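Fold and contact review
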Amino acid sequence: MQFRKALITGASSGIGEALAHLLADEGIDLILAGRDVERLEAVRRAVSDRVSAQCVVGDLIDSEDRARMVQCLQSELPDLVINNAGLGLYGEALSYSFPTLQKLVDLNVSAMMEVAVEAARALVTAGKTGVILNVSSAAAFQVFPSLCVYSATKAFVNQFSESLDAETRHQGVRVLVSCPGVVDTRFQERALGDSNVLHKAHIAMTPEKAAKAMWKQICHQKAFNAFGRRYKVLCFLSRHLSPRWFTMAFLRFFFLRKLPDRELVCSPDVSLNKSTQLEN
Ligand SMILES: NC(=O)c1ccc[n+]([C@@H]2O[C@H](COP(=O)([O-])OP(=O)(O)OC[C@H]3O[C@@H](n4cnc5c(N)ncnc54)[C@H](OP(=O)(O)O)[C@@H]3O)[C@@H](O)[C@H]2O)c1
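Scope of this entry: the structure provided in the associated data block. (Residues numbered from 1 in each chain as written. Predicted model: local features only at pLDDT ≥ 70, side-chain atom pairs only at ≥ 80, totals over all residues. Heavy atoms only, no water.)

1. A closer look at the site of the ligand
- The environment of the ligand is made up of 31 residues, and the closest members are Ser12, Arg35, Tyr150, Thr185 and Arg190.
- Within the side chain of Asp59, a nitrogen or oxygen atom sits 2.8 Å from a nitrogen atom of the ligand.
- The separation between a nitrogen atom of the ligand and a polar main-chain atom of Leu60 is 2.9 Å.
- Calculation on the ligand without its partners gives an accessible area of 880 Å², and the protein chains cover 98% of this total.
- Those elements giving two or more residues to the shell around the ligand turn out to be helix H1 (14-25), helix H5 (148-168) and helix H6 (186-192).
- For the shell around the ligand, the element with the highest residue contribution is H6, accounting for four residues.
- Taken together, the residues of the shell around the ligand sort by class into 12 nonpolar, 13 polar and six charged. (Near = heavy atom within 4 Å. Polar contact = N/O pair within 3.5 Å; in protein donor to acceptor, adjacent residues only side chain to side chain. Areas by Shrake-Rupley, 256 points an atom, 1.4 Å probe, with all protein chains shown as cover. Helix = DSSP H or I, 4+ residues; strand = E, 2+ residues; numbered from the N terminus. Nonpolar A, V, L, I, M, F, W, Y, C, P; charged D, E, K, R; others polar.)

2. Structural notes on helix H8 (residues 207-220)
- Helix length check: H8, at 14 residues, gives a terminal C-alpha distance of 20 Å against a target of 20 Å (1.5 Å per residue), a fit within 8%.
- Along H8, the residues classified as buried are Pro207, Ala210, Ala211, Ala213, Met214, Trp215, Gln217 and Ile218.
- Against the buried residues of H8 lie H1, strand S4 (80-83), strand S5 (130-135), strand S6 (173-180) and strand S7 (224-227). (Expected span 1.5 Å × (residues − 1). Buried < 20%, exposed > 50% of the residue type's maximum accessible area, 1.4 Å probe, protein only. Contact = heavy atoms within 4.5 Å.)

3. Focus on the pattern of salt bridges
- One pass over the full model with this rule turns up nine salt bridges.
- Linking Asp65 and Arg68 is a salt bridge whose minimum nitrogen-to-oxygen distance equals 3.5 Å. Of the two residues, Asp65 and Arg68 are both situated in helix H3 (residues 63-76); the distance of three residues between them amounts to about one turn of the helix.
- Here Asp165 makes a salt bridge to Arg174, at a shortest N to O gap of 2.8 Å. (Salt bridge = Lys/Arg side-chain N within 4 Å of Asp/Glu carboxyl O.)

Structural data, given as structure tokens:
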């Protein structure tokens, strides 16, 4: 399939930025979305020698900004939409306040779903074909202490994408889902407060490599792709073969022991000690 115009959410850094360069090399016009105006504009300038590119600045957690994104999907009708903006938080769920955890669901689930559904609706209504690629994670398959909410949001992305694809593919709109392992981007810094832990552990791939794998998936219209050798194995085991205790042990060895400990967040009027245990 030849693409005319692509919209990338989260294009201001990491995988989204690498995808912007790759798609520009392919001669596909770009709509770049993100919150950070300066970074987004820098990406736009960097690709504009090859293609026509515009920016849509907004916070996908904000309903008004999201409504502007939907308008953009309807007016510009991109035939390739990469739903890439996402946020993670490492550490036990109880070490974060509920509003902080809710942001993960708002961005990784609600915004991802709205962009995918409205992009597909706009294409089907206009009688056009296209591809939507939702960026999930290899973390989507495991019971995953320390990435409890994040992994659950990405499990939603997988289930939703494969089901929506079954609904829309006969109308010419494919919905693909891509599951990278650890990628060396600002994601680690934002999720962990330290960009170096996983990088030093030599388990991260470059964003360029991740972008290439995604582009290959788009070209082959492969519904599902997990990539990175180690993660392919992990995803295969989790999906088809292994009992949960085995993938947990695998994760503990390769991943969880590398993460720093975090303090728990207590409710304002309850301290977590023995005297507050429920009386029967
Ligand atoms: N890095 C990894 O190890 C890894 C592994 C598996 C999956 N993934 C997934 O890959 C995707 C891209 O992440 P990345 O690794 O490239 O991380 P990144 O460098 O932190 O990029 C995240 C992008 O999402 C955008 N974003 C974050 N919050 C947003 C919001 N509220 N509204 C609009 N845009 C928002 C950011 O834009 P602004 O900065 O402009 O707000 C940024 O461009 C995510 O979905 C992530 O879950 C990453």
